[in-house]
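Structural overview for review
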Number of protein chains: 2
Amino acid sequence: MTTIHAYAAHKPGGLLEPFTYEAGELGPEEVEVNVEYCGICHSDLSMLNNDWEITEYPFVPGHEVIGTVAAIGSKVATVKPGQRVGIGWIGETCGTCQYCRTGDPNLCSSATPVVMRPHGGFANQVRAHQNWVIPIPAALASEGVSPLLCGGATVFNAIVQCGVKSTDHVGVIGLGGLGHMAVAFLAAWGCEVTVFSSSSHKASQAKALGAAHFFDSRDSAALANLADSLDFILSTVNVNLPWNDYLAALSKKGRLHFAGVAPPLNDISVFELLMGQKTLGSSPDANPFTITQMLGFACQHHIQADVEVWPIAQVNAAITKLKTEKPAGRIVLAL
Amino acid sequence: MTTIHAYAAHKPGGLLEPFTYEAGELGPEEVEVNVEYCGICHSDLSMLNNDWEITEYPFVPGHEVIGTVAAIGSKVATVKPGQRVGIGWIGETCGTCQYCRTGDPNLCSSATPVVMRPHGGFANQVRAHQNWVIPIPAALASEGVSPLLCGGATVFNAIVQCGVKSTDHVGVIGLGGLGHMAVAFLAAWGCEVTVFSSSSHKASQAKALGAAHFFDSRDSAALANLADSLDFILSTVNVNLPWNDYLAALSKKGRLHFAGVAPPLNDISVFELLMGQKTLGSSPDANPFTITQMLGFACQHHIQADVEVWPIAQVNAAITKLKTEKPAGRIVLAL
């Protein structure tokens, strides 16, 4: 039995208020974590607003958790009390389906987000199944690694799943929370990276992250000049852009991939897909093995998220900033 | 110098009329073919109507050619006079670009359709570059193999390029010219094939071709029952369908693939793509190596197109039938 002190909303779009709940007995395969930092992800805002119509209230956001193991269930074999760990979007999967048993547990149809079992990481403590509690390498700073657990894992997983090669010329659309991590990973991957952003003042940040080129994301003339040149384009934005222009910028067999939820796609030219044998797709958060690979890669290449840290007591102001501005990096709460 | 007797349209959508042209001297790498049969493909109709705004008139359609080699240029090494050969959509490629030199000449941006160098196979003779003149195995009947050169190659190439596995459960949308060949290939591939068609009377044909299941292509309830069950869906239709329902029918990592030109896609759910790591794509006609593989596979499995043969003199009536009815198979002209 643990009494957990969290911040919860009581209705769609509601302010987060102090909220206390009894967590019950720790399950045999469960891990309880003392939260030190927790990133704010756009999907927290979507859940807060019940955009996906699955939110239950009171709702505690938070799924980019970094902390230390407080307690472990009787059958936990993956982590030890006191160890520094992270938790991302998924808190538990069924463990028995085809996907769980063939290396893709992140595709489990019964996956439970950590924010729904029952509550997330905007709290002094949070729990997850041992398979989804990830050891954090000592070299990574807690604040900077926190957003890697969901946002970073989403873009890193896209790179892995799409089979991006080091020799590829790639594009990244958007240079916000997801985009800036994607640029850092792809530059370290060895790729020549072109950034597309509507925020022209971010050009120098893009270069600092390792990008070779920077264009306005709605500049059709620039896109036309790039025709047939990019092997992979990763979109990290939540708006509609002239997608056929981006498809045209792909080389033959190129892929346009969406990281994170985006609005429905309209007027997609099958002719453009056909002539260049191009594909369009998306992928979710990573499995624990890919998250661990990502953390090792981040150590090797000194990659961390650009973050600004806010105290949990100012969580509502931090959310307002994320909604109304376009922060170049990621906002992380200190618990 | 050869005088070629063809059938040409003189304006967009015009009737085909007897048309004679001088073909000039045979190029050193060119092959001249005496046409015996030539299939009518939907892209002939698109070219005839100038739908793609690249047609030059007088226009001679025809790119599913079967015939015998009449003459070869001085440097031709791939075929001999008298040999039975086929020619598909592409008549020549540049031979020097990245794609030509790395096994994907069908993706060459400078590819010239046979119907534009200068005229197609609705004629007693037609010419193509030696690399695009394909030897036909003796076991295949000329009429039945003719539609394999373009329509068959398009669906076979989609299967190859998408890496379809014999253990996959697959869907084929449409049971016309392309669809019926796709079902035959996929059944021989070892797949469990589900056919979606708006023509319920085609159910028995689907089963005869090797399909295991048959559903109405707009039956959302049937699609809902198939959720997360198909590894690959090949659409061969030129209309919009409820694509998100088809995406939902795909298993995780599944692919929805378009064979042949289709209308722009609207309201595609990124959420559906994301949750199941699904992709959407298309591909063009095959390269000559894949066409040759297809012909070998067709021999091995006794696959040929269902065809009805019309004399070239009735070409306009045959085109009208293709436009106004939904023939279960493919129409082939006898020269």
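Treat the numbers as computed from the prediction; the structure is a model and nothing was measured.

With that out of the way, let us pick up a nonpolar patch on the surface. Judged by side-chain polarity, Val 261 of chain A together with Phe 271 and Met 275 of chain B come together as a nonpolar surface patch covering roughly 230 Å² of accessible area. Classification of Met 275 of chain B as partly exposed rests on a relative accessible area of 43%.

Here we have twelve strands laid out as an open sheet, ordered E12(A)-E11(A)-E10(A)-E13(A)-E14(A)-E15(A)-E15(B)-E14(B)-E13(B)-E10(B)-E11(B)-E12(B), and mixed in their pairing. Bordering the open sheet on either side are strand E12 (213-216) of chain A together with strand E12 (213-216) of chain B, each of which pairs with just one other strand. For this sheet, the mean angle separating the axes of adjacent strands, direction not counted, is 20 degrees. Of the pairings in the sheet, the one linking strand E13 (residues 230-235) of chain B to strand E14 (residues 250-259) of chain B comprises five bridges and is parallel in character. The residue bridging Ile 233 of chain B from the neighbouring strand is Leu 256 of chain B, located in E14 of chain B. Lying on the sheet, helix H5 (residues 177-189) of chain A is in contact with strand E10 (169-173), strand E11 (192-197), strand E13 (230-235) and strand E14 (250-259) of chain A; it crosses E10 of chain A at an angle near 165 degrees.

All right, on to the relation of the copies chain A and chain B then. Under the fitted operation, chain A is carried onto chain B by 0.0 Å of movement along the axis and a turn of 180 degrees, and the coordinates agree to an RMSD of 0.0 Å. With respect to symmetry, the two chain copies, as superposed, fit the operation of a two-fold axis. For chain A, the smallest separation between a C-alpha atom and the rotation axis is recorded for Asn 266 of chain A, amounting to 2.1 Å. A share of 100% of interface residues in chain A that are also interface residues in chain B marks the association as one of identical surfaces.

We now examine the state of the cysteines. Residues and elements named next belong to chain A. Across all of its chains, the model carries zero disulfides over all chains by this definition. In this model Cys 41 remains outside any disulfide bridge; the closest cysteine sulfur is found in Cys 150, 4.0 Å from its own. No disulfide involves Cys 100; its sulfur sits 3.8 Å from the nearest other cysteine sulfur, which is in Cys 97.

It is worth spelling out the domain arrangement of chain A at this point. All names here are of chain A. Domain parsing of chain A yields domain 1 (3-150 + 286-334) and domain 2 (153-283). The distance between the C-alpha centroids of domain 1 and domain 2 comes to 27 Å. Taken together, the contact pairs 21 residues of domain 1 with 20 residues of domain 2. Summing both sides of the interface, domain 1 and domain 2 together bury roughly 1,700 Å²; the carbon and sulfur share of this comes to 63%.

For the rest of this paragraph, the subject is helix H11 (residues 315-324) of chain A. Residue and element names in this part refer to chain A. Within H11, burial applies to Val 315, Ala 318, Ile 319 and Leu 322. Along H11, the residues classed as buried sweep out an arc of 100 degrees about the axis, all on the same side. Where H11 is buried, its residues contact strand E1 (3-8), helix H1 (42-48), strand E16 (307-311) and strand E17 (330-334).

All names here are of chain B. Summarising the element assignment, Arg 84 is placed in strand E5 (residues 84-87). With no salt bridge to any partner, buried Arg 84 finds its closest opposite charge in Glu 36, at an N-O distance of 6.1 Å. At 2.7 Å, the side chain of Arg 84 and the backbone oxygen of Leu 140 are in polar contact. Within polar-contact distance, the side chain of Arg 84 engages the side chain of Ser 142 at 2.8 Å. The residues contacting Arg 84, other than those within four sequence positions of it, are Ile 66, Gly 67, Thr 68, Ile 134, Pro 135, Ile 136, Pro 137, Ala 138, Leu 140, Ala 141 and Ser 142.

For the rest of this paragraph, the subject is the pairing of E14 of chain B. Within E14 of chain B, eight of the ten residues are buried, which leaves the element mostly enclosed by the surrounding structure. Read from E13 of chain B through helix H8 (residues 243-249) of chain B to E14 of chain B, the crossover connection turns out right-handed.

Moving on: the interface of chain A and chain B. Listed by partner, the interface residues are 35 residues for chain A and 35 residues for chain B. In total, chain A and chain B occlude about 3,000 Å² of area from one another, counting both sides; carbon and sulfur atoms represent 61% of this. Considering only the side of chain A, the residues that lose the most area to chain B are Val 270, Leu 274 and Gln 277 of chain A, jointly responsible for 20% of the buried surface there. The closest approach of N and O atoms between Lys 253 of chain B and Asp 104 of chain A, which form a salt bridge, is 3.0 Å.

Quick look at the packing of helix H4 (residues 151-161) of chain A against H5 of chain A now. Residues and elements named next belong to chain A. Contact pair H4 / H5: the axes reach a minimum separation of 9 Å and the direction vectors enclose 45 degrees. Comparing the axis directions of H4 and H5 gives the class oblique. For the element pair H4 and H5, the recorded crossing hand is right-handed. Contacts between H4 and H5 involve Gly 151, Gly 152, Val 155, Phe 156, Ile 159 and Val 160 from the former and Leu 178, Met 181, Ala 182, Phe 185, Leu 186 and Trp 189 from the latter.

With that out of the way, let us pick up the environment of Phe 59 of chain B. Residues and elements named next belong to chain B. Here Phe 59 shows up in the loop between helix H1 (42-48) and strand E4 (65-72). Distance in space between the C-alpha atoms of Phe 59 and Asn 225 is 47 Å, their sequence separation being 166 residues. Residues in contact with Phe 59, not counting those within four places in the same chain, are Tyr 7, Ala 8, Ala 9, Leu 16, Asp 44, Met 47, Leu 48 and Val 115.

Scoring rules and cut-offs
Residues numbered from 1 in each chain as written. Chains lettered and ligands numbered in written order. Predicted model: local features only at pLDDT ≥ 70, side-chain atom pairs only at ≥ 80, totals over all residues. Heavy atoms only, no water. Patch = residues over 30% accessible without salt bridge, like charges linked within 9 Å, V, L, I, M, F, W, Y side chains within 5 Å. Areas by Shrake-Rupley, 256 points an atom, 1.4 Å probe, with all protein chains shown as cover. Salt bridge = Lys/Arg side-chain N within 4 Å of Asp/Glu carboxyl O. Buried < 20%, exposed > 50% of the residue type's maximum accessible area, 1.4 Å probe, protein only. Pairing = 2+ DSSP bridges. Helix = DSSP H or I, 4+ residues; strand = E, 2+ residues; numbered from the N terminus. Axes fitted to C-alpha atoms, helices over the stretch in contact; angles between N-to-C directions. Contact = heavy atoms within 4.5 Å. Least-squares fit on C-alpha atoms with pLDDT ≥ 70 in both. Disulfide = S-S within 2.5 Å. Domains from an automatic or database assignment. Buried area = accessible area lost by both parts, 1.4 Å probe. Arc of directions from axis to C-beta. Lys, Arg positive; Asp, Glu negative; His and termini not counted. Polar contact = N/O pair within 3.5 Å; in protein donor to acceptor, adjacent residues only side chain to side chain. Right-handed = clockwise from strand over helix to strand, strands pointing away. Parallel < 35°, antiparallel > 145°, perpendicular 65-115°, else oblique. Left-handed = near helix turned anticlockwise from the far one by under 90°.

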